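# Topology and contacts: notes
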Amino acid sequence: MRTIPLSPHPATPCPAVHQLSVDYGWQAPGHLLLRYRLRGALAQLRLPPPGPAPTRRDELWRSTCFEAFLRRDGNPGYWEVNFTPRGDWAIYRFDAYRQGMHAPQTVAAPAIACTGDAGTHELTACLDLSGWDRETGGWQLALATVLATPSGEISYWAAHHPPGTPDFHAAAAFRLTLPPIPRPTPSSGETP
């Protein structure tokens, strides 16, 4: 697992947040694990409690939402994944920069768990990437978070902010790489 800190866009500071980071890496072959860790004065943020039946929902980015963007090396198409503190989620596929967006119905729902207390919120999500892309090559990653306050103010956080207004979809945001997908190890007695 690797850990990367997220920072606020200069135009959208959020003093309530003391620290925001993401652990990321392969949990198993083809299964990406993301763990968002938020510390601060969380009563000053809109963090709904986990829901009894998390479901797929659109426009989660309009409030507090943990996000990941993934693409294959050299491919203009990419994926956007959203998770909320309530456990709701969305997965979208784009053919190119903000073009050709659709919500594939054949991808597996992520496994999501949320924990926390008055000063800490942690969201862990596991994504089964099998079947997401037929392209080859490594995965590039952009990690981000949208934080909302009870009054409706929005703060945009990312591992890297390209110049200009907040834009998690920008090609320059895809600065992280995932290590090669681990191959299953043969059980004893099997030859590799």
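Residues numbered from 1 in each chain as written. Predicted model: local features only at pLDDT ≥ 70, side-chain atom pairs only at ≥ 80, totals over all residues. Heavy atoms only, no water.

### Examining the overall build of the chain
Inclusion rule: Strands are runs of DSSP state E lasting at least 2 residues, helices are runs of H or I lasting at least 4, and numbering of each runs from the N terminus. Each radius of gyration is computed over the set of C-alpha atoms, and the globule rule expresses the reference value as 2.2 Å times the number of residues to the power 0.38. Note on exposure labels: buried denotes an accessible area under 20% of the residue type's maximum, exposed denotes more than 50%, and partly exposed covers the range between, all computed with a 1.4 Å probe on protein chains only. Note on contacts: a residue pair is in contact if any heavy atoms of the two residues lie within 4.5 Å. Values of accessible area rely on a 1.4 Å probe in the Shrake-Rupley scheme; residue burial ignores everything except the protein chains shown. Residues counted as positive are Lys and Arg, residues counted as negative are Asp and Glu, and His and the chain ends are not counted. By convention, the charge on Lys lies at NZ, on Arg at CZ, on Asp at CG and on Glu at CD.
Summing up its helical and strand segments, the chain has zero helices and 12 strands in all. Element order for the chain, N to C, with α for helix and β for strand: β-β-β-β-β-β-β-β-β-β-β-β. Over its C-alpha atoms the chain spans a radius of gyration of 17 Å, differing by no more than 12% from the 16 Å that the globule rule assigns to 192 residues. Principal-axis analysis of the C-alpha atoms gives the chain an extent of 60 × 35 × 30 Å. Going through the 192 residues of the chain one by one, you find that 46% of them count as buried. Looking at the chain alone, contacts between residues at least 24 apart form 60% of all its contacts between residues at least 6 apart. As displayed, the chain offers around 9,600 Å² of accessible surface, 54% of which is attributable to carbon and sulfur atoms. Across the chain, the 16 positively charged side chains and the 16 negatively charged ones have centroids separated by 1 Å.

### Some remarks on the pairing of strand 9 (residues 120-128)
Stated formally: Strands qualify as paired when DSSP identifies two bridges or more between them.
Examined bridge by bridge, strand 4 (residues 31-40) and strand 9 share nine bridges and lie antiparallel to one another. By the bridge assignment for strand 9, His 31 is matched with Asp 128. When strand 8 (residues 111-116) meets strand 9, the two strands line up antiparallel, connected through six bridges. Among the inter-strand pairings, Ala 111 is bridged to a residue of strand 9, identified as Cys 126. Remark: three residues form the turn of the hairpin made by strand 8 and strand 9, two consecutive strands paired antiparallel.

### Considering the side chain of Thr 84
If you trace the backbone, Thr 84 turns up in the loop between strand 6 (78-83) and strand 7 (89-94). Exposure remark for Thr 84: the relative accessible area of 7% places this residue in the buried category. Filtering out sequence-adjacent residues up to four positions away, Thr 84 remains in contact with Leu 60, Thr 64, Cys 114 and Leu 123.

### Some thoughts on the pairing of strand 11 (residues 154-158)
Strand direction decides the pairing type here: strand 2 (residues 7-8) and strand 11, joined by two bridges, are antiparallel. Paired with Ser 7 across the strands is Ala 158, a residue of strand 11. What sits between the antiparallel neighbours strand 10 (residues 139-148) and strand 11 is a turn of five residues, in which Gly 152 has the positive phi angle 100 degrees.

### Details of the confidence of the model for the chain
The cut-off we apply is this: The predictor reports its confidence for every residue as pLDDT, a score running from 0 up to 100.
Scored by pLDDT, the chain comes out at a mean of 90, with 92% of its residues at no less than 70. Per-element confidence in the chain is highest for strand 2, whose mean pLDDT is 98, and lowest for strand 8, whose mean pLDDT is 92.

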